[in-house]
Amino acid sequence: MADIFSSGSIPVLQQLVSFTESRNRVIADNIANVDTPRYKAKDLPIAEFQAELQRSIEERNAGRLGHLPFQATDRISLSPDGIVRPQTVELPADQAGTLRHDGNNVSIDHEMVKLS
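Residues numbered from 1 in each chain as written. Predicted model: local features only at pLDDT ≥ 70, side-chain atom pairs only at ≥ 80, totals over all residues. Heavy atoms only, no water.

Chemist: What's the story with the packing of helix H2 (residues 10-32) against helix H4 (residues 108-115) in this structure? I'm lost.
Modeler: Any two packed helices are characterised by how steeply their axes cross, that is the angle between the axes, and by the distance between the axes. Contact pair H2 / H4: the axes reach a minimum separation of 10 Å and the direction vectors enclose 160°. By the angle class used here, H2 and H4 are roughly antiparallel. The crossing of H2 and H4 is left-handed. Across the interface between the two elements, Arg23, Asn24, Ile27, Asn30 and Ile31 from H2 touch Ile108, Glu111, Met112, Lys114 and Leu115 from H4. (Axes fitted to C-alpha atoms, helices over the stretch in contact; angles between N-to-C directions. Helix = DSSP H or I, 4+ residues; strand = E, 2+ residues; numbered from the N terminus. Parallel < 35°, antiparallel > 145°, perpendicular 65-115°, else oblique. Left-handed = near helix turned anticlockwise from the far one by under 90°. Contact = heavy atoms within 4.5 Å.)

And the structure:
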């Protein structure tokens, strides 16, 4: 029975849902701090996660492994049960909203687009 849940698309979906849950939490924090002075918008390392997920899928398919060989990276760690735990990163100035007079750069419009 364990093989059913550790092979196929279920482990991929599990990692994807975990990452999405973490990202939604970060976006919600950004929205909650839209009026906090000096708060800088944050996000998760999306490209790094996608690259590692793609590598894991390819490795599993090539080796006919039953599990998804997801590995930790510089900004993504794994919990003891193998679920991804990405670290938040401050967005570069060109990806965040306009820096306001109070030092905050959260754009509610950008955050709502990412949330949708």
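Structure's up, so let's keep going.
Chemist: Would you explain the packing of aromatic side chains in this entry?
Modeler: Each aromatic ring pair is described using two quantities: the centre-to-centre distance and the angle formed by the ring planes. In this structure the tally under the stated criterion is two aromatic pairs. Measuring from ring centre to ring centre gives 4.1 Å for Phe19 and Phe49, while their planes differ by 10°; the resulting arrangement is stacked. With Phe19 in helix H2 and Phe49 in helix H3 (residues 46-63), the pair connects residues that are 30 residues apart, well separated along the chain. Pairwise contacts between aromatic rings join Phe19, Phe49 and Phe70 into one cluster. Its guanidinium or amino end placed over the ring of Tyr39, Lys42 lies 4.2 Å from that ring's centre, counting from NZ or CZ. (Phe/Tyr/Trp six-rings, centres within 6.5 Å; stacked < 30°, edge-to-face > 60°. Lys NZ or Arg CZ within 6 Å of the ring centre and 35° of its normal.)

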